[in-house]
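If you want the building blocks of each chain, they are given just below.
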Amino acid sequence: QVRLVESGGGLVQPGGSLRLSCAASGRIPALYVMGWYRQAPGNQRELVARITSGGTIRYADFVEGRFTISRDNAKNTVNLQMNNLNPEDTAVYYCNLARLPLPGGYWGQGTQVTVSS
């Protein structure tokens, strides 16, 4: 069993920055992919960024260079540095961990990000 706990969300003005963190605990597989997803009211959950245990990174097109995903293997954490936020980034951000090469995985409870003036 894997447990994921997100933190770092909050209220920020347009153009501001936030750093999200996802801490994983339990029986973490050797090969995995961890990612950040987001869901705004009335929208489907969508991928923001992902990183594998081997270090391969992928970003959604809407990130446009504003976000950076990173990991700390010693702490079993994945971070998402978000810069130049705009109101369209407002959503609940969720952390996911999936064992490679299997689909699915575990989800955290989410952390709210609100971008507003």
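All values derive from a computational prediction rather than experimental measurement.

Caption draft 1: Structural context of the pattern of salt bridges. What the rule picks out here adds up to three salt bridges. Note that Glu46 and Arg38 form a salt bridge whose closest N and O atoms lie 2.9 Å from each other. When its relative accessible area of 7% is taken as the criterion, Arg38 is described as buried. One salt-bridge network, in which partners are shared between bridges, spans Arg38, Glu46, Arg66 and Asp89.

Caption draft 2: Structural view of the nonpolar core. Counting residues in each nonpolar core, the largest one holds 27 residues, and the members touching the most others are Leu4, Met34, Trp36, Val48, Leu80, Met82 and Tyr93. Secondary-structure elements contributing two or more residues to this core are strand E1 (2-7), strand E3 (18-26), strand E4 (32-39), strand E5 (46-52), strand E7 (67-72), strand E8 (77-82), strand E9 (91-99) and strand E11 (111-115).

Caption draft 3: Layout of the state of the cysteines. Summed over the entire model, instances satisfying the criterion amount to one disulfide. There is a disulfide in this structure between Cys22 and Cys95, and the S-S distance comes to 2.1 Å. Every disulfide takes its handedness from the sign of the S-S torsion; for Cys22 and Cys95 that torsion is -80°, giving left-handed. Taken together, the residues span a long stretch of sequence, with Cys22 in strand E3 and Cys95 in strand E9 at a distance of 73 residues. The buried category is assigned to Cys22, whose relative accessible area is 0%.

Caption draft 4: How the structure looks around the sheet that holds E3. The strand order E1-E3-E8-E7 describes an open sheet built from four strands, whose pairing is antiparallel. Whereas interior strands pair on both sides, the edge strands pair on one side only; in this sheet they are E1 and E7. Direction aside, the axes of adjacent strands within the sheet are offset by 15° on average. Judged from the six bridges that link them, E7 and E8 form a sheet pairing that is antiparallel. The residue bridging Thr68 from the neighbouring strand is Gln81, located in E8.

Rules used in this analysis
Residues numbered from 1 in each chain as written. Predicted model: local features only at pLDDT ≥ 70, side-chain atom pairs only at ≥ 80, totals over all residues. Heavy atoms only, no water. Salt bridge = Lys/Arg side-chain N within 4 Å of Asp/Glu carboxyl O. Buried < 20%, exposed > 50% of the residue type's maximum accessible area, 1.4 Å probe, protein only. Core = buried A, V, L, I, M, F, W, Y, C linked by side-chain atoms within 4.5 Å. Helix = DSSP H or I, 4+ residues; strand = E, 2+ residues; numbered from the N terminus. Disulfide = S-S within 2.5 Å. Pairing = 2+ DSSP bridges. Axes fitted to C-alpha atoms, helices over the stretch in contact; angles between N-to-C directions.

All quantities given are derived from atomic positions and should not be read as evidence of function.
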